[in-house]
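Structure assessment
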Amino acid sequence: MSTQVLRIGLVGYGLAGKVFHTPLYAAAGVELVAVASSDAAKVHADHPQVRVHPDATALMADPEVDLVVLASPSFTHAPLMLEALAAGKHVLGDKPFTATVAEADAVIAAAKSAGRIATCYQNRRFDADFLTLQDLIASGRLGEVVHYESHYDRFNPQTRDRWQEQERPGVGLHYDLGAHLIDQALQLFGLPDWVQGDVQKQREGSAIIDNFHVRMGRGRCRIELSAGMLVPDSSLRYRVHGTHGSWIKHHVDPQEDQLRHLGIGPDDERYGWEEDSHRGTLTEVVDGQLQTNRTAALRGDWPRLYRELSTAIRQGTPPPVLAEEARDVIVVIEAMLESSRTGCRVSVSG
């Protein structure tokens, strides 16, 4: 067991590295010591004391790096995770974990052989609304959930010249926002019995899948997940029905907007708290009557992923996101693609 502060080497300093990772480190009690980037000036403008390496290989050779974090394009995740593990480092890859199940299996095998942790950055397990929903389910206020609907829509009608919109392995809305939606559903219900999916390229000139809808079954529960980029009214987030109550939620978790646009970081007392008007509404049976009220919201806590991962690396506890759980997300994505191609339900097994 070690009490040394976890030292992080970050690969990539674009939007993901700058907004979704580095602002969390101080609150998580971890330290950024190195970044792999072709733009050292950009890194040093925010982190003047951090070493900047020209590429990922040089960063992985840095003896002070304990954990390699990949804030790099999706199609680089599998090869860079394998390279990091071969260098004796723990590795955290942004979502999606990999582009294929076969790649995920290779990473899991390499991590076991190296005695290191390979994991996935599923920060939205720690969204305010998802934590609130987990609490509602655990408390029994919804009863047995029989219908779970989760949306992550946007209105971005114009395509852009960036890697996220190029036809490459692991690229597309189903791998991007879809990886979050699927991971949350699997956390609540486990792997489904079957998957039925539909994927599209809806926007004019789109090179990637930019709309998907997937329906899954787990016993008598039906799970519906969807995301699109041509949704002008994109406020609906959750619609959940159980044998004792329903929970409806609009608006996404505030942490991305706080970090990206509002200058509110984890050290701010406002961080992670939803506006009162954005909280979900719970309709439940009370003394034989239906009552509807806004629910109290838990605080969102993206730094928690890093805190728990640091503990796992230093004390040998399980990481907050198991590699096998990250693999299961890709299992569902591959089943969704097969279902969309064939028009048939696809059975899923562990």
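All of the points below concern the structure found in this document. (Residues numbered from 1 in each chain as written. Predicted model: local features only at pLDDT ≥ 70, side-chain atom pairs only at ≥ 80, totals over all residues. Heavy atoms only, no water.)

With parallel pairing, six strands are arranged side by side in an open sheet as β3-β2-β1-β4-β5-β6. The sheet terminates laterally at β3 (51-53) and β6 (118-121), the two strands that pair on one side only. Each adjacent strand pair in this sheet contributes to an overall mean axis angle of 25°, direction not counted. Inspection of the sheet shows strand β5 (residues 90-94) paired to β6 by four bridges, in the parallel sense. Bridged to G93 within β6 is C120. Across the sheet, helix α5 (residues 77-86) lies against β1 (7-11), β4 (67-70), β5 and β6, angled at about 170° from β5, the strand it touches most. (Pairing = 2+ DSSP bridges. Helix = DSSP H or I, 4+ residues; strand = E, 2+ residues; numbered from the N terminus. Axes fitted to C-alpha atoms, helices over the stretch in contact; angles between N-to-C directions. Contact = heavy atoms within 4.5 Å.)

A general trend in soluble globular proteins is that nonpolar side chains are found buried together. Core analysis: the largest hydrophobic core is formed by 56 residues, its most contacted members being L67, V68 and Y306. Setting aside residues up to four positions removed in sequence, V68 forms contacts with G9, V11, L59, M60, A84, K89, H90, V91 and L92. Y175, A185, V199 and V329 belong to the second largest nonpolar core, which has 42 residues in total. (Core = buried A, V, L, I, M, F, W, Y, C linked by side-chain atoms within 4.5 Å. Buried < 20%, exposed > 50% of the residue type's maximum accessible area, 1.4 Å probe, protein only.)

Gaps between atoms show up when a probe of the same size as a water molecule is rolled over them. Counted as a void, the largest pocket has a volume near 1000 Å³. Along the walls of the largest pocket sit 36 residues, with L15, R162, W163, Q164 and D176 positioned nearest its centre. Listing elements by their share of the lining of the largest pocket, those giving two or more residues are α1 (15-21), α8 (177-189) and α9 (255-262). Ranked by residues supplied to the lining of the largest pocket, first place goes to α1 with four residues. Its boundaries defined by the atoms lining it, the second largest pocket holds a volume of some 370 Å³. As for the second largest pocket, its lining consists of 17 residues, and the residues nearest its centre are V252, D253, P254, D257 and Q258. (1 Å grid on protein atoms, 1.4 Å probe; cavity = no way out; pocket = protein on both sides within 12 Å on 5 of 7 lines; lining within 4 Å. Points joined across faces, edges and corners; volume = space filled by probe spheres on them.)

Applying the stated rule across the entire model yields 25 salt bridges. Here K95 makes a salt bridge to D176, at a shortest N to O gap of 2.2 Å. Within this pair, whereas K95 is found in the loop between β5 and α6 (101-114), its partner D176 is found in the loop between β7 (145-151) and α8, the two being separated by 81 residues in sequence. Classification of K95 by relative accessible area gives buried; the value is 16%. Of the charged contacts in the structure, one is a salt bridge between R162 and E165, with a shortest N-O distance of 3.3 Å. One salt-bridge network, held together by shared partners, links R124, D127, E256 and R260. (Salt bridge = Lys/Arg side-chain N within 4 Å of Asp/Glu carboxyl O.)

With an omega dihedral of 0°, the bond running from K95 to P96 counts as a cis peptide bond. One non-glycine residue, H251, adopts positive backbone phi at about 80°. With respect to the helices and strands, the residue H251 is situated in the loop between β12 (245-250) and α9. According to the relative accessible area criterion, H251 is partly exposed, its value standing at 30%.

According to the stated counting rule, one finds seven aromatic pairs in the structure shown. A centroid spacing of 4.8 Å and a plane angle of 85° characterise the contact between Y25 and Y306, whose relative ring orientation is edge-to-face. Taken together, the positions of Y25 in helix α2 (residues 25-28) and Y306 in helix α10 (residues 303-315) put the pair 281 residues apart, joining distant regions of the chain. Overall, Y25 belongs to the buried group, its relative accessible area being 3%. (Phe/Tyr/Trp six-rings, centres within 6.5 Å; stacked < 30°, edge-to-face > 60°.)

Now for the pairing of strand β13 (residues 281-286). Strand direction decides the pairing type here: β12 and β13, joined by four bridges, are antiparallel. Pairing of I248 across the sheet is with T281, part of β13. Where β13 meets strand β14 (residues 289-294), six bridges bridge the pair, whose relative direction is antiparallel. The partner of V286 across the bridge, within β14, is Q289. Between β13 and the antiparallel strand that follows it, β14, lie two residues; D287 among them carries a positive phi value of about 50°.

This brings us to the packing of α8 against helix α11 (residues 323-342). Close contact between α8 and α11 brings their axes to 9 Å; oriented N to C, the two are set at 115°. Here α11 runs roughly perpendicular to α8, going by the angle between their axes. Here α8 runs over α11; the crossing is right-handed. Contacts between α8 and α11 involve A179, I182, D183, L186 and Q187 from the first element and E325, D328, V329, V332 and I333 from the second. Taken together, the residues of the contact of α8 with α11 sort by class into six nonpolar, one polar and three charged. (Parallel < 35°, antiparallel > 145°, perpendicular 65-115°, else oblique. Left-handed = near helix turned anticlockwise from the far one by under 90°. Nonpolar A, V, L, I, M, F, W, Y, C, P; charged D, E, K, R; others polar.)

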